[in-house]
Amino acid sequence: MLLPGLFNSDRSNFVLRGFLRGLGYRVQGWELGRNLGARTVGIEGERLIAVVERLYANAGPVTLIGVSLGGVMARLVAHRRPDLVAAVITISSPFAGSGKATNVWRAFEWVTGERLDDPAVIARSEAIAQPLPVPATAIWSRSDGLVAGAICRDESGKALEVRSGHLGVQLKPQVLLAVAGVLASSPPGP
């Protein structure tokens, strides 16, 4: 399942979706419209979890591939319902530090209606940053430009560095190949 970044919809992942389908993977978008953070997925991700539950019921554990905020949400689901998740791949997702270590934090607050200094948002962010109970790979770039590369990876999971700016990162050949490589090296689910 592909999860789009802030203010994006499934359309933003059309290249990645087509590339992975061409390799024989079953790929689906999240089908929740534009990613407006908690406004879209629910405060605790309940709407997104419901989509993952449906996919799990049809095909078993789901690999979540999230771009930027979509990767943060993928981690939220993996923490809340690891029984549904085979693995998480994040692409330029600022999960391992303060949201203010990005150049888009004001846009995030405006679009999502959430304040990064709200204790509930801080607690949720800290929980998301904890090591995942499922295999995790972070694809990140020190030349991102919008989010600091240091907060797009952690020591508990696998990290792959690419050279890319943030906008359209999921369209870059190096990123497509990195995702395919991670999927190819992952053991098949039950």
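To keep things clear, this report deals only with the structure shown in the data block.

Here is what the cut-offs are and how they apply
Residues numbered from 1 in each chain as written. Predicted model: local features only at pLDDT ≥ 70, side-chain atom pairs only at ≥ 80, totals over all residues. Heavy atoms only, no water. Helix = DSSP H or I, 4+ residues; strand = E, 2+ residues; numbered from the N terminus. Rg over C-alpha atoms; globule rule 2.2 N^0.38 Å. Buried < 20%, exposed > 50% of the residue type's maximum accessible area, 1.4 Å probe, protein only. Areas by Shrake-Rupley, 256 points an atom, 1.4 Å probe, with all protein chains shown as cover. Lys, Arg positive; Asp, Glu negative; His and termini not counted. Charge placed at Lys NZ, Arg CZ, Asp CG, Glu CD. Pairing = 2+ DSSP bridges. Phe/Tyr/Trp six-rings, centres within 6.5 Å; stacked < 30°, edge-to-face > 60°. Lys NZ or Arg CZ within 6 Å of the ring centre and 35° of its normal. Salt bridge = Lys/Arg side-chain N within 4 Å of Asp/Glu carboxyl O. Expected span 1.5 Å × (residues − 1). Arc of directions from axis to C-beta. Contact = heavy atoms within 4.5 Å.

On to the overall build of the protein chain. Helices and strands together make up the secondary structure of the protein chain, namely seven helices and five strands. Beginning at the N terminus, the succession of helices and strands in the protein chain can be written as β-α-α-α-β-α-β-α-α-β-β-α. Here the C-alpha atoms of the protein chain give a radius of gyration of 15 Å, agreeing with the 16 Å that 2.2 N^0.38 yields for 190 residues. A principal-axis box enclosing the C-alpha atoms of the protein chain has dimensions of 40 × 35 × 30 Å. Every one of the 190 residues in the protein chain was classed for burial, and the buried ones make up 47%. In the form shown here, the protein chain has an accessible surface area of approximately 9100 Å², with 56% of it arising from carbon and sulfur atoms. Of the charged side chains in the protein chain, 20 are positive and 15 negative; the average position of the first set lies 7 Å away from that of the second.

The subject of this paragraph is the sheet that holds strand β5 (residues 158-161). Taking strand neighbours across the sheet as the criterion, the five strands line up as β1-β2-β3-β4-β5 in an open arrangement whose pairing is parallel. Two strands in the sheet have a free side with no partner beyond their single neighbour: β1 (2-3) and β5. Where strand β2 (residues 62-67) meets strand β3 (residues 85-91), six bridges bridge the pair, whose relative direction is parallel. Bridge pairing in β3 links Gly 66 to Thr 90.

Looking now at the packing of aromatic side chains. The tally for this structure, following the rule as stated, stands at zero aromatic pairs. Between Arg 75 and the ring centre of Phe 95, over which it is positioned, the NZ or CZ distance is 3.9 Å. Of note, Arg 153 hangs over the ring of Trp 140, and the distance from its end group to the ring centre comes to 3.8 Å.

Counted under the stated rule, the structure contains nine salt bridges. Its salt-bridge partner being Arg 142, residue Glu 161 comes within 2.6 Å of it at the nearest N-O pair. Taken as a pair, Glu 161 in strand β5 and Arg 142 in the loop between β4 (136-140) and β5 lie far apart in primary sequence, 19 residues in all. Its relative accessible area of 37% is what places Glu 161 among the partly exposed residues. Under the relative-accessibility criterion, Arg 142 is labelled exposed at 64%. The network of salt bridges with common partners includes Glu 53, Arg 81 and Asp 83.

Take helix α3 (residues 46-59) next. Between its terminal C-alpha atoms α3 stretches 20 Å, which fits the 20 Å expected from 14 residues at 1.5 Å a residue. If you check which residues of α3 are buried, you get Leu 48, Ile 49, Val 51, Val 52 and Leu 55. Summarising the axial view, the buried residues of α3 lie within an arc of 155°, below the 170-degree limit, and thus occupy one face. Across from the buried face of α3, at angles greater than 90 degrees, the exposed residues are Ala 57 and Asn 58. Close packing links the buried residues of α3 with β1, α2 (38-41), β2 and α4 (69-80). Just past α3, the residue Gly 60 takes up positive phi, approximately 90°.

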